[in-house]
Amino acid sequence: MVNHQTADLDRVFSALVDPTRRAILARLEVEDSLSIGALAEPFAIKLPAVMKHLDVLGHAGLITRSKHGRTVDVRLAPQPLREAVDWLARYERFWSPALDRLVAYAEAEEARAAEETGE
Amino acid sequence: MTGFTLVRRIAARPSIVFEALTTADGIAAWWGPDDLPVVSAEIDPRVGGAYRVHFPSQGGGDHEAVGEILEIDPPSRLVMTYSYSFGGEPAEAGRVSRIEIDLKPVTGGVELTFTHTGLADAVSMASHTRGWTGAFDKLVRKFGEIAG
């Protein structure tokens, strides 16, 4: 059975691997909404290449596109990124208390070793 | 940022910390998400050697983490693969990620840097790019705050 959640996360992470796509997301974060032309402007790549990046971002659910007359407005859709961050945070919540116990254990071992050698 | 990094300062000599990371008794003393005792731990501390840690989690979870040692350089560096032979979370089934632990001597002890990467297949495949820019970190922080 396909794990949909995992497939979605893979799409988000693979969309985020590309620096141009991250730059697009970073701009949308501050600009609220931009036309495709305005989005493409700062990049040294042609419009079709930008469209391709937008397709990948759209497929990952990271942006939404809406048509207004002759222009297409692009907006950031934060939910998938939130889910990706939550997913990473779960691992962090797993390891953080374990490392705290590692610190306590190693320090107790150190105290014992110091006592044995009379340091 | 294909994963995350945690840093701890430990008031112990590097060799003692390294033993805590690379012996069965050491691992059994700290591994796991909560204070429940580890069921069993095994490790063959050499390149290509395997480790296996069977541990419970609160709420009745039963998990076994397994992996292979990729690099071992006592007392400063340990790199290993990480996956579950059973348990774990459904989203992790079949995934192999990577843990890197570096120990750096500091005044009064050692600084431990723990990095867990390759947490998604796509990221793992593209890990050579490593080019996570400030923009993405900013996004992650922003949405991390919202999510938290």
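Note that this is a predicted model, so its numbers are computed, not measured. (Residues numbered from 1 in each chain as written. Chains lettered and ligands numbered in written order. Predicted model: local features only at pLDDT ≥ 70, side-chain atom pairs only at ≥ 80, totals over all residues. Heavy atoms only, no water.)

1. Some points on the overall build of chain A
Now for step 1: Scanning chain A from N- to C-terminus turns up five helices and three strands.
Now for step 2: When the helices and strands of chain A are read in sequence order from the N terminus, they spell out α-α-β-α-α-β-β-α.
Now for step 3: For chain A, the proportion of its 119 residues judged to be buried stands at 42%.
Now for step 4: For chain A, restricting intrachain contacts to residue pairs at least 6 apart in sequence, the fraction spanning at least 24 positions comes to 52%. (Helix = DSSP H or I, 4+ residues; strand = E, 2+ residues; numbered from the N terminus. Buried < 20%, exposed > 50% of the residue type's maximum accessible area, 1.4 Å probe, protein only. Contact = heavy atoms within 4.5 Å.)

2. Concerning the confidence of the model for chain B
Keep in mind that low pLDDT regions are not for reading the predicted coordinates in detail.
Residue and element names in this part refer to chain B.
Now for step 1: Looking at chain B as a whole, the pLDDT averages 80, with 75% of positions reaching at least 70.
Now for step 2: For chain B, the element scoring lowest by mean pLDDT is helix α3 (residues 121–125), at 41; strand β2 (residues 40–43) scores highest, at 97.
Now for step 3: This model gives residues 121–148 a pLDDT under 50, and the stretch forms 44 contacts once residues within four places in sequence are excluded.
Now for step 4: Here the prediction assigns the complex a pTM of 0.67, and the interface score ipTM is 0.76. (pLDDT = per-residue confidence, 0-100.)

3. Some points on the pattern of salt bridges
Now for step 1: Following the criterion strictly, the structure yields 14 salt bridges over all chains and no others.
Now for step 2: Its salt-bridge partner being B:Asp35, residue A:Arg101 comes within 3.3 Å of it at the nearest N-O pair. Within this pair, whereas A:Arg101 is found in helix α5 (residues 79–116), its partner B:Asp35 is found in the loop between α2 (24–30) and β2, the two belonging to separate chains.
Now for step 3: We classify A:Arg101 as buried; its relative accessible area is 18%.
Now for step 4: Of the residues examined, B:Asp35 reaches a relative accessible area of 65% and is grouped as exposed.
Now for step 5: A salt bridge links B:Glu64 to B:Arg52; the shortest N-O distance between them is 2.8 Å. Of this pair, B:Glu64 sits in strand β4 (residues 61–73) while B:Arg52 sits in strand β3 (residues 50–57), placing them twelve residues apart in sequence.
Now for step 6: Since its relative accessible area comes to 37%, B:Arg52 is described here as partly exposed. (Salt bridge = Lys/Arg side-chain N within 4 Å of Asp/Glu carboxyl O.)

4. Regarding the nonpolar core
Now for step 1: If you look at the biggest cluster of nonpolar residues, it comprises 64 residues, and the most contacted ones within it are A:Trp95, B:Trp31 and B:Leu112.
Now for step 2: When residues of this core are assigned to their parent elements, the largest contribution, 13 residues, is made by α5(A).
Now for step 3: With sequence-adjacent residues up to four places away left out, B:Leu112 is seen in contact with A:Leu99, A:Leu102, B:Leu6, B:Val7, B:Arg8, B:Ile10, B:Val17, B:Leu21, B:Ile101, B:Asp102 and B:Leu103. (Core = buried A, V, L, I, M, F, W, Y, C linked by side-chain atoms within 4.5 Å.)

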